[in-house]
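The chain contents come next:
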Amino acid sequence: MTASSHERVPEIQRRYLDTFRVAHIPHRFSDVLILGSGVAGLSAALEASSNSQTEILLVSKSALDECATRYAQGGVAAVLSPDRTDDCLENHVRDTEEGAAGLANMAAVRTTITEGIDRVRELIELGVEFDRDEDGKLDFTREGGHSAARILHRGDTTGQEIERALLTAVKKRPNIHLLPNTFSIDLLTVDGVSAGALLCGPDGQPQAAWARTTILATGGAGHLYRETTNPAVCTGDGLAMAFRAGADLQDLEFIQFHPTTLYLAGAERFLITEAVRGEGGVLRDAAGNAFMPRFHRLADLAPRDVVSRAILTVMAERNENKVWLDLSGIPTPRIRVRFPAILEFLKGFGIDILKAPIPVRPSAHYSIGGVRTEIDGRTNVEGLLAAGEVASTGLHGANRLGSNSLLEGLVFGRRCGSLAARRASTVSLPRPFSTATAREGRDGGGSQGPTDPGNEINLEDVRRSLKSLLWYKVGVERRGGDLLSALEQIRAWIPYCLGAQFDSPESWSLQNMLQTAYLITLSASRREESRGVHYRSDFPKRDDARWKRHSTLSRN
Ligand SMILES: Cc1cc2nc3c(=O)[nH]c(=O)nc-3n(C[C@H](O)[C@H](O)[C@H](O)COP(=O)(O)OP(=O)(O)OC[C@H]3O[C@@H](n4cnc5c(N)ncnc54)[C@H](O)[C@@H]3O)c2cc1C
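Right, let's walk through the structure included here. (Residues numbered from 1 in each chain as written. Predicted model: local features only at pLDDT ≥ 70, side-chain atom pairs only at ≥ 80, totals over all residues. Heavy atoms only, no water.)

Structural notes on the site of the ligand
Move 1: Around the ligand sit 35 residues in total, of which T69, G74, G75, E389 and S405 are the nearest.
Move 2: Between A68 and the ligand, the recorded distance is 3.0 Å, taken from a backbone N or O atom to an oxygen atom.
Move 3: Contact between the ligand and G75: a nitrogen atom at 2.8 Å from a main-chain N or O atom of the residue.
Move 4: Elements represented by at least two residues in the shell around the ligand include exactly α1 (39-48), α2 (68-71), β8 (183-190), β15 (358-367) and α11 (405-424).
Move 5: Among the residues making up the shell around the ligand, the classes are represented as 11 nonpolar, 20 polar and 4 charged. (Near = heavy atom within 4 Å. Polar contact = N/O pair within 3.5 Å; in protein donor to acceptor, adjacent residues only side chain to side chain. Helix = DSSP H or I, 4+ residues; strand = E, 2+ residues; numbered from the N terminus. Nonpolar A, V, L, I, M, F, W, Y, C, P; charged D, E, K, R; others polar.)

Regarding the side chain of E389
Move 1: Considering the arrangement of structural elements, one finds E389 in the loop between β17 (384-386) and β18 (391-392).
Move 2: R400 provides the closest opposite charge to the buried, unpaired E389, separated from it by 6.8 Å.
Move 3: For E389, the side chain forms a polar contact with the main-chain nitrogen of S367, separated by 2.9 Å.
Move 4: Leave out the neighbours within four places in its chain, and E389 touches G219, G220, H365, Y366, S367 and G369. (Buried < 20%, exposed > 50% of the residue type's maximum accessible area, 1.4 Å probe, protein only. Lys, Arg positive; Asp, Glu negative; His and termini not counted. Salt bridge = Lys/Arg side-chain N within 4 Å of Asp/Glu carboxyl O. Contact = heavy atoms within 4.5 Å.)

Digging into the sheet that holds strand β13 (residues 282-284)
Move 1: Pairing is antiparallel across the open sheet formed by 4 strands, whose spatial order is β12-β15-β14-β13. Every interior strand has two partners, whereas the edge strands, β12 (255-262) and β13, have only one. Ignoring strand direction, the axes of neighbouring strands in this sheet form an average angle of 45 degrees.
Move 2: Looking at chain direction, β12 and β15 are connected through 6 bridges and run antiparallel. Counterpart to H258 in the pairing with β15 is S363. (Pairing = 2+ DSSP bridges. Axes fitted to C-alpha atoms, helices over the stretch in contact; angles between N-to-C directions.)

Comments concerning the nonpolar core
Move 1: If you look at the biggest cluster of nonpolar residues, it comprises 75 residues, and the most contacted ones within it are L35, L187, L188, L216, Y225, V371 and I490.
Move 2: If you tally residues by element for this core, the top one is helix α14 (residues 505-526), at 10 residues.
Move 3: Among the nonpolar cores identified, the runner-up in size contains 50 residues, and A44, A48, L80 and L152 belong to it. (Core = buried A, V, L, I, M, F, W, Y, C linked by side-chain atoms within 4.5 Å.)

So, the side chain of E227
Move 1: Looking at the element boundaries, E227 is found in the loop between β10 (206-216) and α6 (237-244).
Move 2: With residues up to four places along the chain from it excluded, the contact list for E227 reads Y263, R269, R361, P362, S363, A364 and W471.

As for the sheet that holds strand β5 (residues 140-141)
Move 1: Judged by pairing direction, the sheet is antiparallel, and its 3 strands sit side by side in the order β4-β6-β5 without closing on themselves. Both edges of this open sheet fall to β4 (76-77) and β5, since each of them pairs with a single strand only.
Move 2: With 2 bridges connecting them, β4 and strand β6 (residues 151-152) associate as antiparallel partners. Looking at the pairing, V76 lines up with L152 of β6.

This is how it looks when you write it as structure tokens:
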């Protein structure tokens, strides 16, 4: 097992962002409360609902299908084809371990890759239509870091197809109750044990959802960065909520940047999947030179962190704000079949990818770190489980292989659902309590307590400034001085933003973003080496003697 360094962060003491009295708000009770409706939350719900006696409440802060899962393009990795001789389970294990740069939790790797095969088969049974060749056999593609073509896909909208099938199945289960457009403000705990969550519904009114088990499946935190591939729901709420509730957060410094995001004034930062390079796409500078062979023996299929840094180096050398992804080496019929959504989307901006290259640059893509969990999804807070991008099982170590995260959501979502269903018959329902009167400290209203911010805070300005700060100072390349000045800046925002009492999802989200940004920056400043996706220009080498260990932050 890999060692871990543990640090307490007493600066962030506030326990609840909002307080309530039992008599003043409505209450709901369920066996299992699931926060999040992406691949992890839906997989957990389906599994927990297999016992028709188990009552499940599933919450999402936006529309049910508005999540990172829906935007996944490339696919899901699984060694699935029984008649293939060029791949095996051990190869997938080895590739994942190699990608993880010395920090893989091998139990999580083996569990994901072994159980993932059945989870993907179940998706097909649920009606997911992955692409097939003319003979009707599943069509596999390859992505960076994978030694064989083992990625199942549905055009370039694989996530949308998976989300559709899971959501359709979930809607058929009478014991799963859905609450879309409902923001989870905080996890409720009593004496350090999970009791449910405080929610805010579409009517703006708070309500308490009490549950025997709570599963956190709130996804990642890409929107802490100015440039990101993530949808707007990914603001790191789950990380901040879990931290306030006493959960350990692990390896937050490891943020994966995707090298090829569309960079076009006025267009959203649309991801251009790595599969484009898998199929033969080539990165070129403005003069048309293919530059990746200069940086890595795998050229355009080098690991994502290497490609991201190479792009930034070329941009700096040439004083340009983007590079170009050239698809001219991919046959036109293949582009039409494999990348129809990219073709269509770019047409809307006057770019015909059959004839012209795509302007791209890196952006924040995936939160590798998260709430530390055991192999069954348990966190250190009793009754609180976590799965998907919000969790840190150690599967990805310090670097994630493309298409392994949908798989992780399927496997650990189901594991959490299974554990939560077992707990339904052994754990009592919590007794409602008021956070307004709870004692200070561990479960109380916060030792600092909310303060009146005095002058009106321009929340939008803080949000924009925070996202720029992280992009420039805690981005693809980091330096000690920048990290410390970022920490100082966030520390300056904390008292008047985090100390204030707000009453809308946008403002609670910003409070979460500030907390999460602080913790990510703190972790990045502590790790004085370069490993996986964490690159420190002042410590450019990997240092196994000092740093071959996970980093853990906790409130208590
Ligand atoms: C553009 C893009 C392309 C990708 N391509 C691939 C790929 O090809 N293959 C692959 O394996 N991975 C890919 N990934 C990564 C993968 O999609 C995600 O890691 C995975 O889908 C995360 O699933 P999840 O269930 O953990 O979270 P999500 O799917 O992000 O779901 C999070 C859920 O939590 C809810 N939520 C968040 N905060 C709150 C709150 N405060 N209250 C209530 N609800 C809340 C949201 O509403 C949402 O329902 C891609 C990611 C992106 C952004």
